[in-house]
Amino acid sequence: MHQLQAPGRAGRAMAEWAKQLAGIKGVVLDISGVLYDSGGEGGGVPIPGSIEAVEKIKASGLKLRFCTNETQATRGKFVAKLQRLGFNILVNEVTAPAPAACRILKERNLRPHLLVHDDLVPEFDQLDKANPNCVVIGDAADNFSYKNLNEAFRVLIGLENPILISLGRGRYYKETDGLKLDVGVYMKALEYACDVQAEVVGKPAERFFQSALAEMEVEPQQAIMIGDDIVNDVGGAQQCGMRALQVRTGKYRNGRAHTGEFYRNQRCKKPAVVYVTF
């Protein structure tokens, strides 16, 4: 990690980092914006130092879990892309929204109308989608057309008990060519139009973080989350009882300082340490 330091403050910064790691047995890593920026011909570009950082964590003896809101590909294809980029990562090390959503849909006998990216559709192949009684929305990218949004709206508004399941609620994320609107923007539109509150599967939902902790077999106070999103990564982890650090990569916007009121409204605490890169 490369720590953000001002002259004369290096000692205090290192002491704060050591304090953050005291008692830690597991690390939860965000992926997009922390390990790599998506987009481009190769599917993305690793953030400098991130490949080596993953190797160091694995060699340290700390338990490691990757926790992502990525919904533009199946988990298998997403991990295969990361492996091509040079990351030492396995499918069973990744907690992702789509598999979690499928478990919920099966448990509740829900038949989804899907508003998701074409490459994510195979995750839902084992589910009955005839005569849908809920809507599942993910980062559909170019599938977020008026026609597709309106079709999802019509399904929801026609249900006696409308159920909207959102695979995350991010506002935006970073790709190699700049910032992109995320699923949360479109989720809010459907919430407003149908007077319904979405059930979020993914960060910052507490159940999602608990799933990652259960996979590592560690308690919340024994884990630390590292991410670029102050609300979904940092805030979500803190609400679950974990510690959290923010990196100044990905969607982090330099110069947009958050006030105490911001942190109170977002139900998160200011990160104790902020890093330039992971």
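This write-up is about the structure you can find in this document. (Residues numbered from 1 in each chain as written. Predicted model: local features only at pLDDT ≥ 70, side-chain atom pairs only at ≥ 80, totals over all residues. Heavy atoms only, no water.)

### Considering the packing of helix 5 (residues 146-157) against helix 6 (residues 183-194)
At step 1: At their nearest, the axes of helix 5 and helix 6 sit 10 Å apart, and the two run at 40 degrees to each other. Here helix 5 lies oblique to helix 6, going by the angle between them. When you trace helix 5 past helix 6, the crossing you get is right-handed. Contacts between helix 5 and helix 6 involve Leu149, Ala152, Phe153, Leu156 and Ile157 on the former and, on the latter, Tyr186, Leu190, Ala193 and Cys194.
At step 2: Looking at side-chain class alone, the contact of helix 5 with helix 6 contains nine nonpolar, no polar and no charged residues. (Axes fitted to C-alpha atoms, helices over the stretch in contact; angles between N-to-C directions. Helix = DSSP H or I, 4+ residues; strand = E, 2+ residues; numbered from the N terminus. Parallel < 35°, antiparallel > 145°, perpendicular 65-115°, else oblique. Left-handed = near helix turned anticlockwise from the far one by under 90°. Contact = heavy atoms within 4.5 Å. Nonpolar A, V, L, I, M, F, W, Y, C, P; charged D, E, K, R; others polar.)

### Overview of the nonpolar core
At step 1: Counting residues in hydrophobic clusters, the biggest one holds 23 residues, and the most contacted among them are Leu29, Ile31, Leu35, Phe66, Phe87 and Ile89.
At step 2: Looking at this core, the elements that each hand over two or more residues are strand 2 (26-29), helix 2 (50-60), strand 5 (63-67), helix 3 (75-84), strand 13 (223-227) and strand 14 (243-247).
At step 3: With three residues, helix 3 is the single largest residue contributor to this core.
At step 4: Cys67, Met216, Ala223 and Ala244 belong to the second-largest nonpolar core, a separate cluster that totals 18 residues. (Core = buried A, V, L, I, M, F, W, Y, C linked by side-chain atoms within 4.5 Å. Buried < 20%, exposed > 50% of the residue type's maximum accessible area, 1.4 Å probe, protein only.)

Without other data, these values stay purely geometric and don't point to any function.
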